[in-house]
2 protein chains.
Amino acid sequence: MSRQMVRPGGRSARVQASVHAAVRELASEVGRDALTVPLVAQRAGVTPSTIYRRWGDLQELLSDVAVERLRPDTAPGDHGALASDLTAWAEQFLDEMASPGGRAYIRDALLGDPDGSNAGQCSAYAADQIDFILTRAAERGEKTPDVETVIDRVVAPTMYRILFRPDGLDAAYARRLVAEILGLTGP
Amino acid sequence: MSRQMVRPGGRSARVQASVHAAVRELASEVGRDALTVPLVAQRAGVTPSTIYRRWGDLQELLSDVAVERLRPDTAPGDHGALASDLTAWAEQFLDEMASPGGRAYIRDALLGDPDGSNAGQCSAYAADQIDFILTRAAERGEKTPDVETVIDRVVAPTMYRILFRPDGLDAAYARRLVAEILGLTGP
DNA sequence: CGCCAGACGCAATGATTTTGCTTTAAGGTG
DNA sequence: CACCTTAAAGCAAAATCATTGCGTCTGGCG
């Protein structure tokens, strides 16, 4: 489980915010690979032992930060039809996740995550977005696949290729995945 | 790139074998999380600096060992028909990969792998196995999907769920994925 | 056989991680 | 509102780990 359930508003929350901010700042200043716990601690105005005690090690801290950054900040756009909604979402998803930064976040999220809860959280984000799109389509009266199917047929192939075969990924691939799944469910 | 291209038979090869063996032994004795470079070095009869110089850090070493262990050691079995060959392979794949040990290896392989070549290697192993099955089926005269399709529709969903949603995975899931893809390609 | 290049061992150095103890601050209680 | 309890943070010492320069050895090649 993530270390998110700290008392909100207290000193713990300030420390967490400060440490997270320090990670993000330093990652963009000196590069993700140059991060160390003492470095982050110094920037955050905190002692290293605080970080070690709260997060265990650098990987778990990075995993925490990564999950936070992988949380979608906007609801999927409304293009009037399931096909265009899902296509647009899949293209954006691929685009964000396949970028160097996105891939680093995914790896970090998977990495310092002994019990898999951070990874589960990432998956839940995607599932929520898809559910939102599908529910909206259903309210329009469109026939829709279910969330699990979209995850298996769109999200999973995308993530698999990002992680295991980073070459030759483009928006056309995402479009093709969506077209194939809708072709099955459609008319 | 993996450190496999050492001169075979020389001292380098002995060191590599010894270090790999030490990692496997210690992983099962003290647990994967308790591994440290000095510990491995001691068991392997090697100085830590040797490991640091050859592998860089513990993660890259673990990644190396993981890829080696993820290499299939046997060709996919012949059950006389594409459907049964692919189903059996998918069930075994899921079974091996979803086990606690398998998941740890996958994560290690993804982890210490700055350029993605180890992960690519893992994917290539699966692709080879699938290609073998499909080619055999084609020689029997069966109509087959192509390798990329099987990866997208069987391997990717399996791996995605292993990494991101480890719950509720069983052989039936693998069978369903295979049934769905063959239903599409078949009569 | 002797040379060369690469790989290893050794040891010193510097950085990180861990740990015991103390101090602080948040939240609850009388 | 003052007090008490407890979780979390600070501090500092000790242990462990990572890095690096240099000398030695192994194995391959002319």
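Everything quoted here is computed from the prediction, not taken from an experiment.

Trainee: Looking at this structure, I do not really get the overall build of chain A. What am I missing?
Mentor: A tally of regular secondary structure across chain A gives nine helices and zero strands. The secondary structure elements of chain A, listed N-terminal to C-terminal, are α-α-α-α-α-α-α-α-α. Based on the C-alpha atoms only, the size of chain A along its principal axes is roughly 60 × 35 × 25 Å. Evaluated residue by residue, chain A yields a buried proportion of 44% over its 187 residues. The contacts of chain A with a sequence gap of at least 6 include a subset with a gap of at least 24, amounting to 67%. When the accessible surface of chain A is split by element, carbon and sulfur atoms take 52% of a total near 9100 Å².

Trainee: Whenever I open this one, the protein's contact with DNA strand C confuses me. Can you help?
Mentor: For DNA strand C, the set of nearby residues contains 22 residues, the closest of which are A:Y52, A:R53, B:T50, B:R53 and B:R54. Expressed as a percentage, the sugar and phosphate content of the atoms of DNA strand C within 4 Å of the protein is 69%. Taking B:S12, its side chain carries an N or O atom lying 3.5 Å from a sugar or linking oxygen of DNA strand C. Those elements that place two or more of their residues in the surface near DNA strand C are α1 (11-30), α2 (37-44) and α3 (48-55) of chain A together with α1 (11-30) and α3 (48-55) of chain B. Top element by residues in the surface near DNA strand C is α3(B). It accounts for four residues. When grouped by side-chain class, the residues that make up the surface near DNA strand C number five nonpolar, nine polar and eight charged.

Trainee: Explain the pattern of salt bridges here, please?
Mentor: Close approach of charged atoms allows side chains of opposite charge to pair. Residues and elements named next belong to chain A. Within the structure shown, the criterion is met by 30 salt bridges over all chains. A salt bridge links R136 to D78, with the shortest nitrogen-to-oxygen separation between them at 3.9 Å. Linking R136 in helix α7 (residues 117-139) with D78 in the loop between α4 (58-70) and α5 (82-98), this pair joins segments that are 58 residues apart in sequence. Residue R136 is classed as buried on the basis of its relative accessible area, which comes to 15%.

Trainee: Sorry, what's going on with the packing of aromatic side chains here?
Mentor: When we look at a pair of aromatic rings, we describe it by the centre distance and by the angle of the planes. On inspection of all chains with the given rule, the structure shows four aromatic pairs over all chains. Considering the side-chain rings of B:W89 and B:F93, the 4.8 Å spacing of their centres and the 20 degrees angle between planes classify their relative orientation as stacked. One end of the pair, B:W89, and the other, B:F93, are both in helix α5 (residues 82-98), four residues apart, so they sit about a helical turn from each other. We note that B:W89, like B:F93, is buried. Over the face of the ring belonging to A:W55 we find A:R54, whose NZ or CZ atom lies 4.9 Å from the ring centre.

Trainee: What's the story with the packing of helix α8 (residues 147-164) of chain A against helix α7 (residues 117-139) of chain B in this structure? I'm lost.
Mentor: Helix-helix packing is characterised by the crossing angle of the two axes and by the distance between the axes. Where α8(A) contacts α7(B), the two axes come as close as 8 Å, and the packing angle between them is 125 degrees. Taken together, the axes of α8(A) and α7(B) are oblique relative to one another. Here A:Y160, A:L163 and A:F164 of α8(A) lie close against α7(B), whose contacting residues are B:A119, B:G120, B:C122 and B:S123. The class makeup of the residues in the contact of α8(A) with α7(B) is five nonpolar, two polar and no charged.

Trainee: Looking at this model, I keep getting lost on the environment of B:I151. Mind explaining?
Mentor: Relative to the elements of secondary structure, B:I151 occurs in helix α8 (residues 147-164). Taking the C-alpha atoms as reference points, B:I151 and B:A41, separated by 110 residues in sequence, lie 38 Å from one another. Look past the residues within four positions of B:I151 in its chain and what remains in contact with it is A:Y160, A:R161, A:R165, B:A127, B:I130, B:A156 and B:P157.

Trainee: What should I look at first to understand the domain arrangement of chain A in this one?
Mentor: The extent of an interface is frequently quoted as the accessible surface area lost upon association of the parts. With domains assigned, chain A is organised as domain 1 (11-56) and domain 2 (72-185). Between the C-alpha centres of domain 1 of chain A and domain 2 of chain A there is a distance of 31 Å.

Trainee: Whenever I open this one, the interface of chain A and chain B confuses me. Can you help?
Mentor: Contacts between the two partners involve 27 residues from chain A and, on the opposite side, 28 residues from chain B. Taken together, both faces of the contact between chain A and chain B bury some 2600 Å²; the carbon and sulfur share is 54%. On the chain A side of the contact with chain B, A:D152, A:Y160 and A:F164 bury the most area, a combined 26% of that side's loss. The tally of links between chain A and chain B comes to six salt bridges.

The rules behind the values
Residues numbered from 1 in each chain as written. Chains lettered and ligands numbered in written order. Predicted model: local features only at pLDDT ≥ 70, side-chain atom pairs only at ≥ 80, totals over all residues. Heavy atoms only, no water. Helix = DSSP H or I, 4+ residues; strand = E, 2+ residues; numbered from the N terminus. Buried < 20%, exposed > 50% of the residue type's maximum accessible area, 1.4 Å probe, protein only. Contact = heavy atoms within 4.5 Å. Areas by Shrake-Rupley, 256 points an atom, 1.4 Å probe, with all protein chains shown as cover. Near = heavy atom within 4 Å. Polar contact = N/O pair within 3.5 Å; in protein donor to acceptor, adjacent residues only side chain to side chain. Nonpolar A, V, L, I, M, F, W, Y, C, P; charged D, E, K, R; others polar. Salt bridge = Lys/Arg side-chain N within 4 Å of Asp/Glu carboxyl O. Phe/Tyr/Trp six-rings, centres within 6.5 Å; stacked < 30°, edge-to-face > 60°. Lys NZ or Arg CZ within 6 Å of the ring centre and 35° of its normal. Axes fitted to C-alpha atoms, helices over the stretch in contact; angles between N-to-C directions. Parallel < 35°, antiparallel > 145°, perpendicular 65-115°, else oblique. Domains from an automatic or database assignment. Buried area = accessible area lost by both parts, 1.4 Å probe.

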